[in-house]
Amino acid sequence: MNIQQRLLLLILIAAFPVLAVLVAGEFAERRADRGNAALQAVQLARTIASEQQGYFENARYVFATLAHLPDLVTGDRAACNRLTRNITTSLPSFTDTAVLSADGMVLCSSDDGAVGTDLSERDFFRTAMATGVIAIGRVTVDPETGKKILPVAYPALDQRGRAEMVLLLALDLQFLASSITLPPLPPGSDVMLVDGAGTILARQPDPGEWIGQVITDERLRNALPEAGRTTVAATSVEGRNSLYGIAPLQKYKGLFVTVGIPRSSLFAAAERSFERQMMSIGAIFLAVLLLALIVSEVTIRRPLKTLQRKVADFGGGRLETRAGLKSSVPEFTDLGRSFDKMADSLQRHDEEMVRLNDNLQVALDEKNVLFQELHHRVKNNLQMIVSLLSLQASRNKDPAIQTVLRESLQRIMAMSEIHQILYQSEQLVRLDFSAAVRSLCDQLAVAYARPSGEVEMEVKTEPVELDINSAIPLALLLTELVSNAFKHAFPSGTHGRITVTLRTVGEMVEMTVADNGVGFDEPAAGEAQDGLGLSLIDRLAAQVGGSAARLPGAGAAYRVTLDRSTAAGAPATNEDEPAARR
């Protein structure tokens, strides 16, 4: 994750609480808008219920007036029939008018055929007689007109407050439905007047189809007792998903007005407002993120990219690279200046190192020339000594002296070979000793050559790097051991083999010279085995900090061992001076 992405993440984290508060506020406002919309349905139901209650109040006033008319009080049935017919004719909202005795018999009616009918078992009659208040019956169909009617019974009370007769009006429900004044409602809304059982008494729109039907949604029927205090989500008789507000007719128990509004229409304004607000919040948030992205690109990412590119160029060897960073962010400008200061310092240091390296290279070249000249002069001087000793040996006829001179020649030639190899080497102070071993063995094989190849020489070496202080003593050791093998191991006419081995064992260097000749004569008890060659072997081994040991077995074998780290660069001390100098 780069720094720009981290910055955006930081902005998201910082903005999240504000965003959460805004979103939570919008959800709360949405709930409030939906609640207000639901309350609107309840208030409409209350308003319409109040209007319908006025309609029933008018009917009650008619009842009260009729109860005191002389034609009813005197019991004149003919006059009573005329009165009920006149009422039915003059009030189109009623389809029938009748007067019932205290025992439920129809005394007079606008319908002559109904006189004498016993209605004592009807629920509206029994309720009116028992309670002394207006009672409303169940929806029925008028057999003569086919209209759906609602019986409304009004008890006429005597002076003691007892019902002495019941006035009955048959309310035309179609007329009642037409009296419902619909306020402006969304399409698909409906208004109903229902009784406590959920029977539809009046409905708008389409009253004729649904009057007398029972509300099918149980949720709406169960909510009727809670009328005026809540809303309920239910399915309308036409199958729409609606929210219903319910209000009771306060003075007429068991009658309710319901106002159903499709949820999609009721909450449409709230949902549109919510969507607009959420889109506004989202747009503002995206704009903030975009602005943060642009600002971070200009003020952070680009300066960092520039600095990163300059650092890469500087790290690639372009020490003249400078950041030259100028940013609106002071910290980046300071960082660029610090980088430029560091680059100046490193460039000066590099230039100083180049100058010192040039000086060191000149000094090294001079030293190499000096070493080459030194090795060349030493080699030439040793060659001159060899020539003088060879001339002396050729003029001297004494075999013993010739032997001594020849051995000295071989030792000097060994030292000369080391200088020759160093002269040809690039290092000048260290050499691969395995090359010196092979060259010396070849020279000694030629010097002590016998006819018909009586003595064979086998050389086995591994690369071993030594300095001059160790190489010269080991070369002298090798010369002494191989010379002794040629001179003493094989009497005249005998065949044999001399094996020279150079190898590393762990941190040690081992050089072994072995032959399969006659071996050494064991000295008598109390006698010491002496000789210049053997004495030189011990002294030279000690000079390089090593040891020389004779190995048991047939023939003669010597092994010289020295520490590898010492042999690779230990300078000679006064205690380790060559025996020739003592």
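Residues numbered from 1 in each chain as written. Predicted model: local features only at pLDDT ≥ 70, side-chain atom pairs only at ≥ 80, totals over all residues. Heavy atoms only, no water.

A.B. asks: What exactly am I supposed to notice about the overall build of the protein here?
C.D. replies: Secondary structure summary: the protein contains 15 helices and 18 strands in total. The buried share among the 582 residues of the protein stands at 40%. Nonlocal contacts in the protein, meaning residues at least 24 apart in sequence, comprise 60% of its contacts between residues at least 6 apart. Summing over all exposed atoms, the protein offers an accessible surface of approximately 31,800 Å²; the carbon and sulfur share of this is 55%. (Helix = DSSP H or I, 4+ residues; strand = E, 2+ residues; numbered from the N terminus. Buried < 20%, exposed > 50% of the residue type's maximum accessible area, 1.4 Å probe, protein only. Contact = heavy atoms within 4.5 Å. Areas by Shrake-Rupley, 256 points an atom, 1.4 Å probe, with all protein chains shown as cover.)

A.B. asks: Which parts of the structure should I look at to understand the side chain of arginine 203?
C.D. replies: For arginine 203, the position within the fold is in strand S8 (residues 200-204). Of the residues examined, arginine 203 reaches a relative accessible area of 0% and is grouped as buried. If sequence neighbours within four positions are ignored, arginine 203 has contacts with Ala177, Ile180, Asp190, Val191, Met192, Trp210, Val237 and Glu238.

A.B. asks: Explain the environment of lysine 326 to me, please; I cannot follow it from the model alone.
C.D. replies: Looking at the element boundaries, lysine 326 is found in the loop between helix H9 (268-315) and helix H10 (330-395). In sequence terms lysine 326 and glycine 336 are 10 residues apart; their C-alpha atoms lie 7.8 Å from each other.

A.B. asks: How should I be thinking about the pattern of salt bridges in this particular structure?
C.D. replies: Should the charged atoms of two oppositely charged side chains come close, the side chains can pair. Under the counting rule described, the total for this entry stands at 10 salt bridges. Among the ionic pairs, arginine 318 bridges to aspartate 313, the shortest N-O distance being 4.0 Å. Residue arginine 318 is classed as partly exposed on the basis of its relative accessible area, which comes to 47%. Since its relative accessible area comes to 26%, aspartate 313 is described here as partly exposed. A single network of salt bridges, built from pairs that share partners, joins Glu456, Glu458, Lys460 and Arg497. (Salt bridge = Lys/Arg side-chain N within 4 Å of Asp/Glu carboxyl O.)

A.B. asks: Looking at this model, I keep getting lost on the nonpolar core. Mind explaining?
C.D. replies: Burial of nonpolar side chains together is a common tendency in soluble globular proteins. Phe433 and Leu478 are the most contacted members of the largest nonpolar core, which totals 41 residues. Contributions of two or more residues to this core are made by helix H11 (399-424), helix H12 (433-447), strand S13 (455-461), helix H13 (468-489), strand S15 (496-505), strand S16 (508-515), helix H14 (532-543) and strand S18 (556-563). Take this core: its biggest share by element is 12 residues, from H13. Setting aside residues up to four positions removed in sequence, phenylalanine 433 forms contacts with Ile418, Val464, Leu466, Ala471, Leu474, Ala475, Leu502 and Met511. Counting residues in each nonpolar core, the second largest holds 38 residues, with Phe94, Tyr154, Leu169 and Ile180 among its members. (Core = buried A, V, L, I, M, F, W, Y, C linked by side-chain atoms within 4.5 Å.)

A.B. asks: Would you mind going over the packing of H12 against H13 with me for this structure?
C.D. replies: Angle between the axes and distance between the axes: these two values describe a pair of packed helices. Their axes nearest at 10 Å, the elements H12 and H13 cross at an angle of 30 degrees. In this view, H12 runs roughly parallel relative to H13, as classed from their interaxial angle. Considering the relative orientation of H12 and H13, their crossing is right-handed. Contact residues: H12 offers Phe433, Val437, Leu440, Cys441, Leu444 and Ala445, while H13 offers Ala471, Leu474, Ala475, Leu478, Thr479, Val482, Ser483 and Phe486. (Axes fitted to C-alpha atoms, helices over the stretch in contact; angles between N-to-C directions. Parallel < 35°, antiparallel > 145°, perpendicular 65-115°, else oblique. Left-handed = near helix turned anticlockwise from the far one by under 90°.)

A.B. asks: Help me understand the sheet that holds strand S11 (residues 255-262), please; the structure alone is not making it clear to me.
C.D. replies: Note on sheets: strands pair through backbone hydrogen bonds, and any given pair is parallel or antiparallel. The antiparallel open sheet is built from 5 strands, whose spatial order is S8-S7-S11-S10-S9. Across the chains shown, the open sheet's two edge strands, defined by having one partner strand only, are S8 and strand S9 (231-235). Averaged over all pairs of adjacent strands, the angle between strand axes in this sheet comes to 25 degrees, irrespective of strand direction. Sheet analysis places strand S10 (residues 241-248) next to S11, joined by 7 bridges and oriented antiparallel. Among the inter-strand pairings, isoleucine 246 is bridged to a residue of S11, identified as threonine 258. (Pairing = 2+ DSSP bridges.)

A.B. asks: I would appreciate a short explanation of empty space enclosed by the protein in the present structure.
C.D. replies: Picture a little ball the size of a water molecule; that probe, rolled over the atoms, points out where space is still empty. Across all of its chains, the model carries 2 cavities of 30 Å³ or more by this definition. In this structure, the largest cavity spans a volume of roughly 60 Å³. Every residue along the wall of the largest cavity is listed here: Gln410, Met413, Ala414, Leu440, Gln443, Leu444, Ala447 and Thr479. Within the residue set of the lining of the largest cavity, elements represented by two or more residues are H11 and H12. For the lining of the largest cavity, the element with the most residues is H12, which contributes 4 residues. Residue classes in the lining of the largest cavity are distributed as 5 nonpolar, 3 polar and no charged. The volume enclosed by the second largest cavity comes to roughly 40 Å³. Taken together, Asp190, Met192, Arg203, Ile215, Thr216, Asp217, Leu220, Thr235, Ser236, Val237 and Tyr244 form the lining of the second largest cavity. Looking at the lining of the second largest cavity residue by residue, the classes come out as 5 nonpolar, 3 polar and 3 charged. (1 Å grid on protein atoms, 1.4 Å probe; cavity = no way out; pocket = protein on both sides within 12 Å on 5 of 7 lines; lining within 4 Å. Points joined across faces, edges and corners; volume = space filled by probe spheres on them. Nonpolar A, V, L, I, M, F, W, Y, C, P; charged D, E, K, R; others polar.)

A.B. asks: Could you clarify how one ought to interpret the environment of serine 296 in this entry?
C.D. replies: Assignment of secondary structure puts serine 296 in helix H9. Once the C-alpha coordinates of serine 296 and leucine 7 are considered, the two residues, 289 residues apart in sequence, prove to be 7.7 Å apart.

A.B. asks: Mind showing me how you'd approach the sheet that holds S18 here?
C.D. replies: Spatial ordering of the open sheet is given by S13-S15-S16-S18-S17, a layout of 5 strands whose pairing is mixed. This sheet does not close on itself; its edge strands, each paired only once, are S13 and strand S17 (547-550). The mean inter-strand angle of the sheet, taken between neighbouring strand axes irrespective of direction, is 10 degrees. Across the sheet, H13 lies against S13, S15, S16 and S18, angled at about 15 degrees from S16, the strand it touches most.

A.B. asks: What should I look at first to understand a nonpolar patch on the surface in this one?
C.D. replies: Together, Leu290, Leu293, Ile294 and Val298 give the surface a local cluster of nonpolar side chains, amounting to about 340 Å² of exposed area. With respect to the element layout, isoleucine 294 can be found in helix H9. For isoleucine 294, a relative accessible area of 48% gives the class partly exposed. (Patch = residues over 30% accessible without salt bridge, like charges linked within 9 Å, V, L, I, M, F, W, Y side chains within 5 Å.)

A.B. asks: I keep staring at helix H3 (residues 77-90) and nothing clicks. Help me out?
C.D. replies: The periodicity of an α-helix, 3.6 residues per turn, causes residues three or four positions apart to be oriented the same way. Compared with the 20 Å implied by 1.5 Å per residue over 14 residues, the 20 Å span of H3 between its first and last C-alpha is a close match. All buried positions along H3 are accounted for by Ala79, Cys80, Asn81, Leu83, Thr84, Ile87 and Thr88. (Expected span 1.5 Å × (residues − 1).)

A.B. asks: Mind showing me how you'd approach the packing of aromatic side chains here?
C.D. replies: Each pair of aromatic rings is reported with the distance of its centres and the angle of its planes. Taken as a whole and assessed by the stated rule, the structure comprises 1 aromatic pair. Ring centres of tyrosine 448 and phenylalanine 486 lie 5.5 Å apart, and the angle between their planes is 10 degrees; on these two criteria the pair is classed as stacked. Taken as a pair, tyrosine 448 in the loop between H12 and S13 and phenylalanine 486 in helix H13 lie far apart in primary sequence, 38 residues in all. (Phe/Tyr/Trp six-rings, centres within 6.5 Å; stacked < 30°, edge-to-face > 60°.)

A.B. asks: How should I be thinking about the pairing of S11 in this particular structure?
C.D. replies: For a regular strand, side-chain orientation follows a simple rule: the groups alternate between the two sheet faces. Burial analysis of S11 places 8 of its 8 residues in the buried class, the great majority of the element. The alternating pattern of S11 places Leu255, Val257, Val259 and Ile261 and Phe256, Thr258, Gly260 and Pro262 on opposite faces, both of which are buried. Two elements, strand S7 (residues 190-195) and S11, share 6 bridges in a ladder whose sense is antiparallel. The partner of aspartate 195 across the bridge, within S11, is leucine 255. Between S10 and S11, which pair antiparallel and follow one another directly, the connecting turn spans 6 residues, one of which, glycine 254, has a positive phi of 90 degrees.

A.B. asks: Which parts of the structure should I look at to understand the side chain of aspartate 195?
C.D. replies: Tracing the backbone shows aspartate 195 in strand S7. Buried charge without a salt bridge: aspartate 195, with arginine 138 as the nearest opposite-charge side chain at an N-O distance of 5.1 Å. A distance of 3.1 Å separates a polar side-chain atom of aspartate 195 from the backbone nitrogen of alanine 197. Apart from the residues within four sequence positions on either side, aspartate 195 is in contact with Leu201, Leu224, Gly254, Leu255 and Phe256. (Lys, Arg positive; Asp, Glu negative; His and termini not counted. Polar contact = N/O pair within 3.5 Å; in protein donor to acceptor, adjacent residues only side chain to side chain.)

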